[in-house]
Number of protein chains: 2
Amino acid sequence: MNSINRRQIARKISIAENSGGLEDRELSDIIGNIGNAFRIGITGPVGAGKSTLINKLALEQRSRGQSIGIIAVDPSSPFTGGAVLGDRVRMTELTLDEGVYIRSLATRGAFGGLTETSADAADILDSYGFERIIIETVGVGQTEIDIVEACDAVVVVLEPSSGDSVQAIKAGLMEIADVFAINKMDIQGANRFVEDVEGSIHLKMSGSQPKVMPVIAVKGEGVTELLDYLDEFFQEAKSSGSLQERREKQRVKRIKRLAEMMISKQLWASFSDQDIQKLVDENIPVKQAAKQILTEINK
Amino acid sequence: MNSINRRQIARKISIAENSGGLEDRELSDIIGNIGNAFRIGITGPVGAGKSTLINKLALEQRSRGQSIGIIAVDPSSPFTGGAVLGDRVRMTELTLDEGVYIRSLATRGAFGGLTETSADAADILDSYGFERIIIETVGVGQTEIDIVEACDAVVVVLEPSSGDSVQAIKAGLMEIADVFAINKMDIQGANRFVEDVEGSIHLKMSGSQPKVMPVIAVKGEGVTELLDYLDEFFQEAKSSGSLQERREKQRVKRIKRLAEMMISKQLWASFSDQDIQKLVDENIPVKQAAKQILTEINK
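Residues numbered from 1 in each chain as written. Chains lettered and ligands numbered in written order. Predicted model: local features only at pLDDT ≥ 70, side-chain atom pairs only at ≥ 80, totals over all residues.

Peer 1: Whenever I open this one, the overall build of chain A confuses me. Can you help?
Peer 2: Looking only at helices and strands, chain A has eleven helices and seven strands in total. When burial is assessed residue by residue, chain A has 48% of its 299 residues classed as buried. Pairs at least 24 residues apart make up 75% of the contacts formed inside chain A by residues separated by at least 6 positions. (Helix = DSSP H or I, 4+ residues; strand = E, 2+ residues; numbered from the N terminus. Buried ≥ 20, exposed ≤ 12 C-beta atoms within 10 Å, placed from the backbone. Contact = placed C-beta atoms within 7 Å.)

Shown next as structure tokens:
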């Protein structure tokens, strides 16, 4: 990838970021040119070791000749400049690589803005021929779950030492996981933790169950196996048609979200903040005020 | 509070929960009867000790004769039935108390649903005369931050042992905190951590800065001071007018969100999922598909 392309990518993602994913003029040339990349969503609690794992995964993917785009939505990720834990060295290792593009997205705007921006960023990287796209979030909030859910595969990273992890499984992560990567398998109680996770899965999920895979990210152990599994998962999903089905569902969801954003934009183009302030000043209850706005608009 | 009222509250919150906060018919009788309660939003990373602190705060508030409503939006909270850490005993202590009402809200629906539901639940408890309302979330996601931001005061709970906490400060929490409660002050490095937090605040924030308060939730240490400060904060905000200003801003935001939800609901009433599926089948790019829907609607 040459530097002109890198600049184009950076510019396009910035446009998507600043327009909240609404402007299609500047993004129009990527249309029709997407769908080849394998998008891997990676999430998990803070401290589970996601960033370390992603580093190792990316290095392994590079050694397999795959080009990689990394989108870090986690504001505390080392990729985002919040490198408080000394991850800069490893980051440099990847950023100097021509086959890697790393982009962080700041938490901004409510209303699906970040969900839409990260999907746009993935589309852009996809259109530039990146074969693997990793999207990283911290998986506690609904927005963060929405973001990784829009991927072809979801990896949830957990680690044995924190009681949090068991709680995290409860927090809506089990439903979206294709793989549970249990990190830090070299600490005490790790095997027991894996059993707990597997037990919870068998107990709660019928039908297709997420795979549980042990890793030690700092040592790179289990990374090859994880990547093998993911690549296999992707190929199988492609040939079975489940990938297309999954992507179609995601597109329905995304079209809905976009239409909702557009209609809201339309709404506020004809109804200003001052107009709302007037309703507040008149002490009109919130639901009634909102109804009044809609009545006004529907006239 | 008698059991009839408890049943009414439970029913009203359920209606708010199931309707995504849209139905005002059933909630109409609470209109005009709200605004007396002091709403305290409490958030922080998983494992910071929020639930323990809230237990102690609630017990202290009860000993001051204040009635308390607790809304736990955190799906991993002991209040929600996810009591993996043996919090059941303390929970019982509160649930048997007539002056306490505890309600958990499940993570459901995107689109501001949970934000709206928790605001509704707070309004309902407010209308039934609860003097203090605590709303608890896990503060990493945008939705969770939105929820506590809709309160009269925001307490962010951190603990010294995890590197996470420093990252948490970066993750948008500093902007919304009125108080940083530093929990687990009896572990090593706690004082240093307090200094770090204070340093970050002074470095990054001009104008009014959040207060940093040390606590040891399990021992109940610092809880009285925290509550004194919060009560004082509330009284001062009331008399200075800053409370009204804050609430008006929140109302503007809420009216906007409600209007957006209503207009989206309108949209999907006239455009079905099958209609969207057709656009997907025709392989129309997502943004174009969304535009097409709007063109259709605006006809």
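Having seen the model, we can carry on.
Peer 1: Honestly, the sheet that holds strand S3 (residues 100–104) of chain A in this entry has me stumped. Any pointers?
Peer 2: Backbone-to-backbone hydrogen bonds pair the strands of a sheet. The strands run either parallel or antiparallel. All names here are of chain A. Strands sit in the order S3-S2-S4-S1-S5-S6-S7 across an open sheet of seven strands; the sheet is parallel. The open sheet has two free edges, formed respectively by S3 and strand S7 (211–214), since each of these has just one partner strand. Going from strand to strand, the sheet's axes swing by 20° on average, the running direction of each strand aside. As paired strands, strand S5 (residues 153–158) and strand S6 (residues 179–182) are joined by four bridges and run parallel to one another. Of the residues in S6, the one forming a bridge with valine 157 is alanine 181. On the sheet, helix H4 (residues 113–127) packs against strand S1 (38–43), strand S2 (68–72), S3 and strand S4 (132–136) and is oriented at approximately 160° with respect to S4. Packing of helix H5 (residues 142–149) onto the sheet brings it into contact with S1, S4 and S5, and relative to S1 it is tilted by some 155°. (Pairing = 2+ DSSP bridges. Axes fitted to C-alpha atoms, helices over the stretch in contact; angles between N-to-C directions.)

Peer 1: I would appreciate a short explanation of unusual backbone geometry in the present structure.
Peer 2: For residues that are not glycine, phi is negative in most cases, and the peptide bond is trans in most cases. Residue and element names in this part refer to chain B. At lysine 184, a position not held by glycine, the phi torsion is positive, near 60°. Looking at lysine 184, the number of C-beta atoms within 10 Å reads 22, which means it is buried. One non-glycine residue with positive phi stands out, namely asparagine 283, at about 65°. Along the chain, the position of asparagine 283 falls in the loop between helix H10 (273–281) and helix H11 (286–298). Assessed through the 11 C-beta atoms surrounding it within 10 Å, asparagine 283 is described here as exposed.

Peer 1: Looking at this model, I keep getting lost on helix H4 (residues 113–127) of chain B. Mind explaining?
Peer 2: What sets the pattern is the α-helix's 3.6 residues per turn: residues three or four places apart point alike. Residue and element names in this part refer to chain B. An ideal rise of 1.5 Å per residue puts 21 Å on 15 residues; H4 measures up with 21 Å between its terminal C-alpha atoms. Counting buried positions along H4 gives 15 out of 15 residues, so the element sits mostly inside the fold. At the C-terminal side of H4, glycine 129 shows a positive phi close to 90°. (Expected span 1.5 Å × (residues − 1).)

Peer 1: Explanation requested: the sheet that holds strand S4 (residues 132–136) of chain B in the structure shown.
Peer 2: Residue and element names in this part refer to chain B. Pairing is parallel across the open sheet formed by seven strands, whose spatial order is S3-S2-S4-S1-S5-S6-S7. Edge strands, defined here as strands with exactly one partner in the open sheet, are strand S3 (100–104) and strand S7 (211–214). The mean angle between the axes of side-by-side strands here comes to 20°, regardless of whether they run parallel or antiparallel. As paired elements, strand S1 (residues 38–43) and S4 share five bridges and run parallel to each other. Within the sheet, the bridge partner assigned to glycine 41 lies in S4 and is isoleucine 135. The sheet contacts of helix H5 (residues 142–149) involve S1, S4 and strand S5 (153–158), and relative to S1 the element is tilted by about 155°.

Peer 1: Even after reading the chapter, I still don't get the domain arrangement of chain A, so can you show me in this structure?
Peer 2: It is common to report an interface's size as the accessible area lost on association of the parts. Residue and element names in this part refer to chain A. Per the domain assignment, the segments of chain A are domain 1 (3–240) and domain 2 (241–299). At the interface, twelve residues of domain 1 touch eleven residues of domain 2. Breaking the side of domain 1 that touches domain 2 down by element, the ones donating at least two residues are H4 and helix H8 (223–240). The class makeup of the residues in the side of domain 1 that touches domain 2 is five nonpolar, four polar and three charged. (Domains from an automatic or database assignment. Nonpolar A, V, L, I, M, F, W, Y, C, P; charged D, E, K, R; others polar.)

Peer 1: I would appreciate a short explanation of the environment of A:Arg132 in the present structure.
Peer 2: Residue and element names in this part refer to chain A. Looking at where arginine 132 falls in the secondary structure, it is placed in strand S4. By the C-beta count within 10 Å, which is 25 here, arginine 132 ends up buried. As for arginine 132 and serine 270, which are separated by 138 residues in sequence, their C-alpha atoms are 42 Å apart.

Peer 1: What is the right way to look at the packing of helix H10 (residues 273–281) of chain A against helix H9 (residues 242–269) of chain B in this model?
Peer 2: For any two helices packed against each other, one specifies the inter-axial angle together with the distance between the axes. In the contact formed by H10(A) and H9(B), the axes pass within 10 Å of each other and the chain directions differ by 115°. The crossing of H10(A) and H9(B) is right-handed. Where H10(A) approaches H9(B), its residues A:Asp273, A:Ile276, A:Gln277, A:Leu279 and A:Val280 are matched on the opposing element by B:Glu248, B:Arg251, B:Val252, B:Ile255 and B:Lys256. In the contact of H10(A) with H9(B), the residues fall into five nonpolar, one polar and four charged. (Left-handed = near helix turned anticlockwise from the far one by under 90°.)

Peer 1: What am I meant to see in the packing of helix H11 (residues 286–298) of chain A against H9(B) here?
Peer 2: Orientation of H11(A) relative to H9(B), taken along the N-to-C sense of each, is 55°, at an axis distance of 8 Å. Relative to H9(B), the element H11(A) is oriented oblique. Relative to H9(B), the crossing made by H11(A) is right-handed. In this structure, H11(A) uses A:Val286, A:Lys287, A:Ala289, A:Ala290, A:Lys291, A:Ile293 and A:Leu294 to contact H9(B), whose residues at the interface are B:Arg251, B:Arg254, B:Ile255, B:Leu258, B:Ala259, B:Met262 and B:Ile263. When grouped by side-chain class, the residues that make up the contact of H11(A) with H9(B) number ten nonpolar, no polar and four charged. (Parallel < 35°, antiparallel > 145°, perpendicular 65-115°, else oblique.)

Peer 1: What should I look at first to understand the confidence of the model for chain A in this one?
Peer 2: Reading fine detail from the predicted coordinates is not recommended where pLDDT is low. Residues and elements named next belong to chain A. The predicted model of chain A has a mean per-residue pLDDT of 83, with 81% of residues at 70 or higher. When pLDDT is averaged over each helix and strand of chain A, the minimum, 56, is found for helix H3 (residues 88–95) and the maximum, 97, for H8. Contacts for the low-pLDDT stretch residues 76–90, under 50 throughout, to residues beyond four places or in other chains number 38 contacts. Among the scores for the predicted complex, ipTM is 0.83 and pTM is 0.81. (pLDDT = per-residue confidence, 0-100.)

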